[in-house]
Amino acid sequence: MITQKEKERLRQLAHKQLEYANTEQNNRLKKEWYRHRRFEKGKPMVLLEIGGFRDEVYLPRMQCESLQARQIENRLLSLFLRQEIYQDDSVVPDYFPVYYDTWFHLFGHEIKKVNAEDSIGHRFEHVIRDLEEDYGKLGASTYGIDREGSQKLKDMAEDILGDILPVKWTMNCLQAVPTQKIIHLMGLENFIYAMCDYPDLVKKMMMRAADDYISYFNWMKEEKILLPTTGDELLNQGTYCYTQELPDRMERIGLSDVWGYLDSQESSSISPDMYGEFIFPSYKKIAEVFGLLSYGCCEPVHPIWEKYVSRLDNLRNISISAWCDVEYMGEHLRGKKIIFQRKPTANFLAVDVELQEEEVRKYMSQTIRAARGCQLEITQRDVLTIHKNEKKAARYIEIIREEIEKNWKG
């Protein structure tokens, strides 16, 4: 049960969020994001995702003790701390977002993960050993929603915060990651061997995965939990959905009215031609149901760009990871209406206690020059520690902006 002291703490944070949301800087950032996604000239957007080192940032600030209060407190902090700590281009919403708690279990299996003790290391419990022998274990995918729990959180937030912040049902982009889920069910090595041993079964499995994802998304539409993705809703991989290409209406919203997201990091283990044969047909089928598409995580996309990913007509956002050829992608994205979303290596922030400023400058200037003529966004992700040094993170953002000033020709 949430105590009166905890309610006062949550209300204090809500007032703080509202102050940030109403600043001139925050309003300017919203306009900049729309400008950015209209592919108009301007400076690149810069973001630093906080999730990997959240315990170093959130935990020292957490004051609530009950589980329910901490859930709300954590979310409130996540909405404005990035602006407060290191002044990136994150936007503070003027509402408290609440999400429908839904689930999707590919082929009817809930992914089971076993964590190593005192470590981030983990393994998955595989249910498929030999695809031909175990194919019968791939049942119908299951999905659903915890309406009662979702509504309970919304009611609680409205009771505590509603006179300060509107409490709003929100949906982030629709996400489909078939190869990731399949790897969790059968292992990467087993999946790759299956392409050689049972190619037709692998193709059948991939198309089934595509069909089941699409059925899940259509179920969301029928359940009336599909919501607009045109503003500060999260577009996977650390960025926002800001766009004026999609409708902002709540009524009669369909899959073609929202952002979708796909990645296949696991495909970096196979050749581009194998990607085209085994992966791309099912991914293209999913991609076509969305209004707009963001593609990619840590996989290098340059080997599969020209023959495959570039053929996704609704693509507006492409991940240029630390393993990607930035010059190649800059050449192929120049002048196109596709965001060059650069995801730098996490090493500068996570490995060294002290920031190696000259190395950061050299690395970032290469990216900025390679992306000239593109619509560049720099989104730092996958940082697991900043060594409890928030000033280091702020300086990192500052250096990126200094290099933009010196090297950018948008």
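Just above, that's the structure.
## Overview of the overall build of the protein chain
- Summing up its helical and strand segments, the protein chain has 15 helices and 15 strands in all.
- Taken over the C-alpha trace, the protein chain has a radius of gyration of 22 Å; the compact-globule value for 410 residues is 22 Å, and the two agree within 12%.
- Taken along the three principal axes of its C-alpha coordinates, the protein chain extends 60 × 55 × 50 Å.
- Here the protein chain holds 410 residues, and the buried ones make up 54% of them.
- For the protein chain, the proportion of contacts with a sequence separation of at least 24, taken over those separated by at least 6, is 75%.
- When the accessible surface of the protein chain is summed, it comes to about 18,900 Å², and 47% of that surface belongs to carbon and sulfur atoms.

## Description of the packing of aromatic side chains
- Summed over the entire model, instances satisfying the criterion amount to 19 aromatic pairs.
- One aromatic cluster is present, built from ring pairs that chain together Phe104, Tyr143, Tyr213, Tyr216, Phe217, Trp219 and Phe290.
- Taking the ring centre of tyrosine 95 as reference, the NZ or CZ of lysine 168 above it sits at 4.3 Å.
- The cationic tip of lysine 203 hangs over the ring face of phenylalanine 278; the distance from NZ or CZ to the ring centre is 5.4 Å.

## Points about the packing of helix α1 (residues 4–21) against helix α4 (residues 67–86)
- Between α1 and α4, the shortest axis-to-axis distance is 10 Å and the interhelical angle comes to 25°. In terms of axis orientation, α1 runs roughly parallel to α4. At the point where α1 passes α4, the crossing takes the left-handed sense. Residues Glu6, Arg9, Leu10, Leu13, Ala14, Lys16, Gln17 and Tyr20 of α1 lie in contact with α4, whose contacting residues are Ala69, Ile72, Glu73, Leu76, Leu77, Leu79, Phe80, Gln83 and Glu84.
- Split by residue class, the contact of α1 with α4 holds ten nonpolar, two polar and five charged.

## Points about the nonpolar core
- Phe96, Leu131, Phe191, Phe217, Tyr295 and Ile318 are the most contacted members of the largest nonpolar core, which has 130 residues in total.
- No other element matches helix α9 (residues 199–222), which puts eleven residues into this core.
- Leaving out residues up to four positions away in the same chain, tyrosine 295 has contacts with Leu262, Ser264, Tyr275, Tyr283, Val301, Ile304, Val309, Leu312, Leu315, Asn317, Ile318 and Ser319.
- Grouped together as the second largest cluster of nonpolar side chains are seven residues, Leu29, Leu47, Val91 and Tyr242 included.

## Some remarks on helix α7 (residues 178–186)
- Across the nine residues of α7, eight count as buried, placing the element largely inside the fold.
- If you check which residues of α7 are buried, you get Pro178, Thr179, Lys181, Ile182, Ile183, His184, Leu185 and Met186.
- Count one or two residues on from α7 and you reach glycine 187, which has phi positive near 90°.

## Some remarks on the pairing of strand β13 (residues 315–320)
- Counting buried residues in β13 gives six out of six residues, a clear majority hidden from the surface.
- Note that strand β12 (residues 292–295) and β13 share three bridges and pair parallel. Opposite leucine 293, over in β13, you have leucine 315 as the bridge partner.
- One ladder, built from four bridges, connects β13 with strand β14 (residues 339–342); its direction is parallel.

## Some details on unusual backbone geometry
- Positive phi, close to 60°, is recorded for phenylalanine 39, a residue that is not glycine.
- In this fold, phenylalanine 39 is placed in the loop between α2 (24–37) and β1 (45–48).
- For phenylalanine 39, a relative accessible area of 18% corresponds to the buried category.

## A short note on the sheet that holds β1
- The strand order β1-β15-β14-β13-β12-β11-β8 describes an open sheet built from seven strands, whose pairing is parallel. In this open sheet, the two strands that pair with only one neighbour each are β1 and β8 (174–176). Strand-to-strand twist of the sheet, defined as the mean angle between neighbouring strand axes without regard to direction, takes the value 20°.

## Focus on the environment of alanine 322
- The residue alanine 322 is located in the loop between β13 and α12 (326–333) in this model.
- Residue class for alanine 322 comes out partly exposed when judged on its relative accessible area of 29%.
- Separated by 24 residues in sequence, alanine 322 and cysteine 298 place their C-alpha atoms 7.2 Å apart.
- If we skip the residues at most four places from it in the chain, alanine 322 touches Arg342, Lys343, Pro344, Thr345 and Tyr363.

Calculation notes
Counting restarts for each chain: residues are numbered from 1 in the order of the written sequence. Only residues with pLDDT of at least 70 get local features here, since the model is predicted, and only at 80 or more are side-chain atom pairs given and counted; chain-wide, interface and lining totals rely on the full set of residues. To obtain the side-chain values, all non-hydrogen atoms of the structure were used and water was disregarded. Helix and strand labels come from DSSP, where a helix needs a run of H or I of at least four residues and a strand needs a run of E of at least two; each type is numbered from the N terminus. Here the radius of gyration uses the C-alpha set of atoms, whereas the globule reference equals 2.2 Å times the residue count to the power 0.38. The rule is simple: take the accessible area with a 1.4 Å probe, protein chains only, and divide by the maximum for that residue type; under 20% is buried, over 50% is exposed, in between is partly exposed. Whether two residues touch is decided by their heavy atoms; if any such pair falls within 4.5 Å, the residues are in contact. A 1.4 Å probe and the Shrake-Rupley method give the accessible areas. Residues count as covered only by the protein chains that appear here. The rule is short: rings of Phe, Tyr and Trp, with Trp giving its six-membered ring, pair when the centres are within 6.5 Å, and they are stacked under 30 degrees, edge-to-face over 60, tilted in between. Criterion for a charge above a ring: Arg CZ or Lys NZ at most 6 Å from the ring centre, at most 35 degrees from the ring normal. Orientation is described by lines fitted to C-alpha atoms, with helices fitted over the stretch in contact, and by angles between N-to-C directions that extend from 0 to 180 degrees. Comment on the angle field: the value is read as roughly parallel under 35 degrees, roughly antiparallel over 145, roughly perpendicular from 65 to 115, and oblique elsewhere. Handedness of a helix crossing follows the sense of rotation of the near helix relative to the far helix, less than a right angle counterclockwise being left-handed and clockwise being right-handed. Residues are grouped as follows: Ala, Val, Leu, Ile, Met, Phe, Trp, Tyr, Cys and Pro are nonpolar; Asp, Glu, Lys and Arg are charged; all remaining types, including Gly, are polar. Residue types Ala, Val, Leu, Ile, Met, Phe, Trp, Tyr and Cys, when buried and joined through side-chain atoms within 4.5 Å, form a set referred to as a nonpolar core. Any two strands between which DSSP finds at least two bridges are classified as paired.

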